Number of protein chains: 2
Amino acid sequence: MFLAMDAMGGDRAPQEPCRGAIMACEADPNLNVILVGDARRIEEHLRDAASSVRARIGVVHADQVVTMDDAPSVSIRKKRNSSLRVAMEMVRSGEASAVVSAGNTGAIVAGGILVLGRIPGIDRPGLGVPIATLSSRVSLLIDVGATVRCKPINLAQFALMGSIYMRSLVGVSEPSVALLSNGEEEIKGDETVIQAREILKASSLNFVGYVEGKDVPLGTSDVVVCDGYTGNVLLKFGEGLGEGVMNLMREEISRSFLPKVGLLFMMPMLKKLHYRFDYERHGGTPLLGVRGTVIKAHGRSKARAISNALMVARDFVAKRGVQTIEDELAKGGI
Amino acid sequence: MFLAMDAMGGDRAPQEPCRGAIMACEADPNLNVILVGDARRIEEHLRDAASSVRARIGVVHADQVVTMDDAPSVSIRKKRNSSLRVAMEMVRSGEASAVVSAGNTGAIVAGGILVLGRIPGIDRPGLGVPIATLSSRVSLLIDVGATVRCKPINLAQFALMGSIYMRSLVGVSEPSVALLSNGEEEIKGDETVIQAREILKASSLNFVGYVEGKDVPLGTSDVVVCDGYTGNVLLKFGEGLGEGVMNLMREEISRSFLPKVGLLFMMPMLKKLHYRFDYERHGGTPLLGVRGTVIKAHGRSKARAISNALMVARDFVAKRGVQTIEDELAKGGI
């Protein structure tokens, strides 16, 4: 399997994408990664790779870079030789099975739509993040930033794709699907959410109605649907809180002796908690609704997170994720 | 000072509002609370109050109740003898200085607008919650549910009221004001957020641009502005996460001995953390933008939270909160 990696995307490019590619190829002897970007700079970071690994890493030169400040669709249209666009084109032509990027989210979404095209029956793609919850369940939060403001039909289509993802790719039977709202009662929600609720009620999905913000960490449903603005704010809020609490604990601990002793005893439990919520471990988010496997990695990704995102891409391809969604939609959209 | 308390609002009414009123009057010998609602049921809960406290608690009968499922403005218009409406009318007539309710948020907002009226220069009111952050700063998050979907001007007016609140009532000089968005870059945000940003840039506020979800718990600005849908989801997400993590810790601790020992040592620190994020301690949220002091308490409020909400009302009145906002707006709106 050949995966195209946008080597220039993300806060730590090209170093971490290159190191991540090496790590992934070390872990899986059947994997091939094509690094797309500034060939000279990429080669520098590949110097230390073992020859058995280096043999499975290709380099394709692209002399433009989509930056974090670039306007999404303009940059995809104009920067035809950007690492992101070239990597996307490799998926379209079949040279690669998937593309992974830690770059500009909007440009990744625009690239997915413009270069790969949408799956029939889907108007706007959604980024679906599997999130660890405090129950044993992993919930899929969709959308976390692909479609910033949504029409009711967009939300309903996210629900459908999320449901297919959880059933066919994660193995949850009859996944429960909920709409995120500002309260559980039917009088809550704005016009968009209310209309999406009516569409979902009439659908064949296992729709359980509204959930509130507090239900997201508690994991009360398999799929949680919201627009990309809200999902993005929520996801990053959780991240900031997690990091912040860890910092605060470190601070407190450095200040006095008692908690230090306590921490020693609690370490195994804290490690377990951290493991559960560690985004680096999950690594990548599939862009659902486009005709090709596109995995968005976190902008701050280090090598381990990039490597995990490549594994997410590999598994998504192996499980025929795109084809599954396309087949299910052909049977009946929403 | 006389405060009107909606005795029938909230998940635990009328018991907890009554107990909360007693608690507040015990704590402050200058406070008078008027409990509005089903007089017979209210009296039952006042039986055990000391006579010095009981003497400062009035009871006004109202035979209707606005439920959580009632449509906000319809219920305020139709249920003219509901505890909420009667309590609001007491503020309008001057019989009470403020109203506190743990009931239906939408109805409280509708009541504020219809019974008390808006402050000139404000189109829609906003619920502003002071939130503890991981820095030493307390940030004001506005709106958390008064105006579910906003126009750009609504967001700009929240920013203005939030700024006045933090400067004049909390004592922060030149409070920094940020707009919540799905990224820090200017290309982020939907049309509403982008237009609000342009209005704020041109204003005299200390506007610092966009913040992301992760900045909210980190406390990077004094005021964080968003629409009521997003603010509500965010606030409840934080609440759910806090409670969930506490439960998970309890579970882990009951399972093995080591963390139990650790917890013993860490208790002082955990208590400090919990104190910082305990919503019961803050109690109430002022509805900013209406011509009267309206404090929304959490629907799940127990006596202590109700008592604290009454204290928030008392302080808001003492600091002439409504008049301050009105005066500042008269000098120049947005």
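Details of the structure are given in the entry above.
Note that this is a predicted model, so its numbers are computed, not measured.

**A look at the side chain of Thr293 of chain A**
All names here are of chain A.
No. 1: For Thr293, the location among the structural elements is in strand β11 (residues 293–297).
No. 2: Accessibility expressed as a relative area gives 6% for Thr293, which makes it buried.
No. 3: Aside from chain neighbours lying at most four places away, what touches Thr293 is Val91, Ser97, Ala98, Val99, Ala313, Phe316, Val317 and Val322.

**Considering the sheet that holds strand β3 (residues 57–61) of chain A**
All names here are of chain A.
No. 1: Pairing is mixed in the open sheet, where 11 strands are placed in the order β3-β2-β1-β4-β11-β10-β5-β6-β9-β7-β8. Each end of this open sheet is capped by a strand with a single partner; those strands are β3 and β8 (206–211). Here the average twist between neighbouring strands, direction ignored, is 25 degrees.
No. 2: Sitting on the sheet, helix α6 (residues 105–116) touches β4 (98–101), β5 (126–132), β10 (284–288) and β11, and the angle it makes with β11 is about 175 degrees.

**A short note on the packing of helix α1 (residues 15–27) of chain B against helix α2 (residues 39–46) of chain B**
All names here are of chain B.
No. 1: At their nearest, the axes of α1 and α2 sit 9 Å apart, and the two run at 50 degrees to each other. Taken together, α1 and α2 sit at an angle that is classed as oblique. Taken as a pair, α1 and α2 cross one another with a handedness that is right-handed. Seen from α1, the contacting residues are Gln15, Cys18 and Ile22; seen from α2, they are Ile42, His45 and Leu46.
No. 2: Here the contact of α1 with α2 is built from residues that sort into four nonpolar, two polar and no charged.

**Some remarks on the nonpolar core**
No. 1: Residues Leu179, Leu180 and Val225 of chain A together with Leu179, Leu180 and Val225 of chain B are the most contacted members of the largest nonpolar core, which totals 146 residues.
No. 2: One finds Met8, Cys25, Ala98 and Ala309 of chain A within the second-largest nonpolar core, a separate group that totals 29 residues.

**Notes on empty space enclosed by the protein**
No. 1: Inspection of the entire model under this criterion finds five cavities of 30 Å³ or more.
No. 2: In terms of lining residues, the largest cavity is bounded by Cys150, Leu155, Leu179, Leu180, Thr192, Val193, Val225, Cys226 and Asp227 of chain A together with Arg149 and Tyr229 of chain B.
No. 3: Taken together, the elements giving at least two residues each to the lining of the largest cavity come down to β7 (176–180) and α8 (191–201) of chain A.
No. 4: Of the residues assigned to the lining of the largest cavity, the class counts are eight nonpolar, one polar and two charged.

**Digging into the packing of helix α5 (residues 83–93) of chain B against helix α6 (residues 105–116) of chain B**
All names here are of chain B.
No. 1: At their nearest, the axes of α5 and α6 sit 10 Å apart, and the two run at 40 degrees to each other. Read as a crossing pair, α5 and α6 show a hand that is right-handed. Contacts from Leu84, Arg85, Met88, Glu89, Val91 and Arg92 in α5 reach Ala107, Ile108, Gly111, Gly112, Val115 and Leu116 in α6.
No. 2: For the contact of α5 with α6, the residue count by class is seven nonpolar, two polar and three charged.

**Brief notes about the interface of chain B and chain A**
No. 1: Tallying the contact residues gives 57 residues for chain B and 57 residues for chain A.
No. 2: Both sides of the chain B and chain A interface together cover about 5200 Å² of buried area, and 72% of this is carbon and sulfur.
No. 3: Our count for the chain B to chain A interface comes out at six salt bridges.
No. 4: Here Arg149 of chain A and Asp190 of chain B are joined by a salt bridge, their closest N and O atoms 2.8 Å apart.
No. 5: Between chain B and chain A we count 10 residue pairs in polar contact (both at pLDDT 80 or more) in total.
No. 6: Elements represented by at least two residues in the side of chain B that touches chain A include exactly α9 (215–218), α10 (228–255) and α11 (258–277) of chain B.

Rules and cut-offs
Residues numbered from 1 in each chain as written. Chains lettered and ligands numbered in written order. Predicted model: local features only at pLDDT ≥ 70, side-chain atom pairs only at ≥ 80, totals over all residues. Heavy atoms only, no water. Helix = DSSP H or I, 4+ residues; strand = E, 2+ residues; numbered from the N terminus. Buried < 20%, exposed > 50% of the residue type's maximum accessible area, 1.4 Å probe, protein only. Contact = heavy atoms within 4.5 Å. Pairing = 2+ DSSP bridges. Axes fitted to C-alpha atoms, helices over the stretch in contact; angles between N-to-C directions. Parallel < 35°, antiparallel > 145°, perpendicular 65-115°, else oblique. Left-handed = near helix turned anticlockwise from the far one by under 90°. Nonpolar A, V, L, I, M, F, W, Y, C, P; charged D, E, K, R; others polar. Core = buried A, V, L, I, M, F, W, Y, C linked by side-chain atoms within 4.5 Å. 1 Å grid on protein atoms, 1.4 Å probe; cavity = no way out; pocket = protein on both sides within 12 Å on 5 of 7 lines; lining within 4 Å. Points joined across faces, edges and corners; volume = space filled by probe spheres on them. Buried area = accessible area lost by both parts, 1.4 Å probe. Salt bridge = Lys/Arg side-chain N within 4 Å of Asp/Glu carboxyl O. Polar contact = N/O pair within 3.5 Å; in protein donor to acceptor, adjacent residues only side chain to side chain.

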